[in-house]
Amino acid sequence: MKRIITTALLGLAVSGAASAAFIDQSRNMAALNDGNIMAKTYTVPAAGPDATEFDFKLKGYVFGFKMITANYTGWYGERDYAVYSDLKTSGLGALLKKLEIWAVTAGTYTRSGLTPDFHIQQNMDNKNRRVEMNYNNNRGYIHVAIDPPIGSQGIPAATPAERYSADDTISAVLNMMMRGQKIDGSVCSGGVRVFDSKQHYNLRMENQGAGRAKFEGDKVDTVLCHIYYEPISGFDPEDLPDAEEGGTPIVMHMKAFPELGLYVPVRFTYRISSIKAVIKLDEMVIKKPGGAAEVIAD
């Protein structure tokens with residue numbers, strides 16, 4: 001259960017490139033270069049004049065106690081995108097794993113979807129594990145470097161084709177937000193394939209119609225979306241969800257922002273047995289091309 005709840009929070013609420021309008025660029029570059037255990041150092045792209053910029057701050061609760069804080073900050077232009085994200089959880093025994101992670105992704109997109117160029121994830125725990133995924137988009141291949149290495153790639157391991165055809169964890173969130181406006185297809189429809197450097201899974205979305213959720217101190221109209229976590233490959237037997245976990249959706253409320261070309265998740269709920277985890281959009285900052293930053297506080 002710990003794995004499913006953690007995946008639900010990390011894979012949907014957060015899980016990219018820093019925009020100078022919202023994050024101190026030097027802080028991010030220091031984080032990327034400090035103790036860089038891989039051979040290659042990355043430069044985070046800055047937002048161009050055509051970019052729409054966003055900064056989401058989220059808070060999560062388990063049993064009513066605040067145990068999760070997260071940021072999802074980035075931008076997209078006419079064809080490029082970049083996102084930075086971080087997540088911190090306080091842990092709750094066997095239910096919620098204690099985590100402190102930051103990650104960054106950059107790439108391009110078309111009406112048919114997103115194409116990452118690179119993805120980096122840094123775990124800030126005792127192992128200090130770092131993951132770097134480099135996408136060779138000419139050859140349709142991802143090179144994955146993990147240090148310290150993990151003991152297993154799952155049974156069976158994700159194939160090279162499965163790895164390349166899936167989004168990284170951060171791009172998957174932007175894929176959901178862009179769908180129905182910047183990306184072809186209806187909002188909350190179909191699925192998003194994700195590869196997280198080991199596990200390959202599908203986030204299957206089912207549109208439940210119109211919903212209502214609290215945002216900015218009032219009830220607002222939303223699209224009510226049920227998301228099911230479906231393992232495909234790269235899983236060890238102990239990491240597979242049981243019947244209840246596999247059959248229980250993450251409930252997501254998405255508010256349309258047509259002027260941004262995004263559907264923004266304002267609330268996530270995951271309820272299983274007697275456990276309920278809730279993540280809320282706590283603060284939102286947006287900046288349209290040529291405009292000033294606008295703060296929207298919940």
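Look a little higher up for the structure.
Here's a quick rundown of the structure. (Residues numbered from 1 in each chain as written. Predicted model: local features only at pLDDT ≥ 70, side-chain atom pairs only at ≥ 80, totals over all residues. Heavy atoms only, no water.)

## A closer look at the nonpolar core
Definition in use: Here the nonpolar core consists of buried residues drawn from Ala, Val, Leu, Ile, Met, Phe, Trp, Tyr and Cys, with membership extended through side-chain atoms lying within 4.5 Å. Any residue under 20% of the maximum accessible area for its type is buried, any over 50% is exposed, and the rest in between are partly exposed; the area is computed with a 1.4 Å probe on protein chains only. What makes two residues a contact is simply this: any of their non-hydrogen atoms within 4.5 Å.
With 59 residues, the main nonpolar core has Phe56, Tyr72, Leu174, Leu262 and Met284 as its most contacted residues. With residues up to four places along the chain from it excluded, the contact list for Leu174 reads Phe54, Tyr72, Tyr81, Val83, Leu114 and Leu262. Counting residues in hydrophobic clusters, the runner-up holds nine residues, among them Ala82, Ala106, Phe118 and Ile120.

## Remarks on a negative patch on the surface
Keep this limit in mind: Residues qualify for a patch when their relative accessible area is over 30% and they have no salt bridge, like charges being joined within 9 Å and the nonpolar side chains of Val, Leu, Ile, Met, Phe, Trp and Tyr within 5 Å. Using a 1.4 Å probe, accessible areas were evaluated by the Shrake-Rupley method; residue-level cover was limited to the displayed protein chains. When a carboxyl oxygen of Asp or Glu lies within 4 Å of a side-chain nitrogen of Lys or Arg, that pair is called a salt bridge. Charged residues are defined here as Lys and Arg on the positive side and Asp and Glu on the negative side; His and the ends of the chain fall outside this count. To locate a charge, take atom NZ for lysine, CZ for arginine, CG for aspartate or CD for glutamate. Strands here mean DSSP runs of E at least two residues long; helices mean DSSP runs of H or I at least four residues long; both are numbered from the N terminus.
There is a patch of like negative charges on the surface, built from Glu216, Asp218, Glu259 and Glu294. Following the sequence through the fold, Asp218 ends up in strand S10 (residues 218-233).

## A few points about helix H4 (residues 169-178)
The condition that has to hold: Whenever a nitrogen or oxygen atom comes within 3.5 Å of another N or O atom, the pair is scored as a polar contact, on the condition that within protein one atom can donate a hydrogen and the other can accept it, and that pairs from neighbouring residues in sequence are kept only if both atoms are in side chains.
Taking burial as the measure, the 10 residues of H4 include 10 buried ones, the bulk of the element. Buried residues of H4: Thr169, Ile170, Ser171, Ala172, Val173, Leu174, Asn175, Met176, Met177 and Met178, and no others. The opening residue of H4 is Asp168, an N-cap whose side-chain oxygen sits 2.9 Å from the backbone nitrogen of Ile170. Positive backbone phi, at 90 degrees, marks Gly180, one or two positions downstream of H4.

## Quick notes on the side chain of Gln181
Considering the arrangement of structural elements, one finds Gln181 in the loop between H4 and strand S8 (191-195). Polar side-chain contacts of Gln181 include one of 3.1 Å to the backbone oxygen of Leu262. Once residues within four sequence positions are removed from consideration, Gln181 is found in contact with Arg111, Phe257, Pro258, Gly261, Leu262 and Tyr263.

## Some points on the packing of aromatic side chains
What counts is decided by this rule: Between the rings of Phe, Tyr and Trp (Trp by its six-membered ring), a pair exists once the centres lie within 6.5 Å; its type follows the angle of the planes, with under 30 degrees stacked, over 60 edge-to-face, and the other angles tilted. Look at NZ for Lys and CZ for Arg. If either is within 6 Å of the ring centre and within 35 degrees of the ring normal, a charge sits over the ring.
Here the structure, examined in full by the defined rule, presents six aromatic pairs. Taken together, a centroid distance of 6.0 Å and an interplanar angle of 15 degrees make the contact between Phe54 and Tyr72 stacked. With Phe54 in strand S1 (residues 52-62) and Tyr72 in strand S2 (residues 65-76), this residue pair connects regions lying 18 residues apart in the sequence. Each member of the pair, Phe54 together with Tyr72, is buried. Members of the aromatic cluster, joined through ring pairs, are Phe54, Phe56 and Tyr72. The ring centre of Tyr141 lies 6.0 Å from the NZ or CZ of Arg139, which sits over that ring.

## Points about unusual backbone geometry
For the peptide bond that leads from Asp147 to Pro148, omega is 0 degrees, which places it in the cis range. Tracing the backbone through its elements, the reader meets Pro148 in the loop between strand S7 (141-147) and helix H3 (160-165). Residue Pro156 is bonded to the preceding Ile155 through a cis peptide linkage, with omega at -10 degrees. In this fold, Pro156 is placed in the loop between S7 and H3.

Shape is all these values report; function is a separate question.
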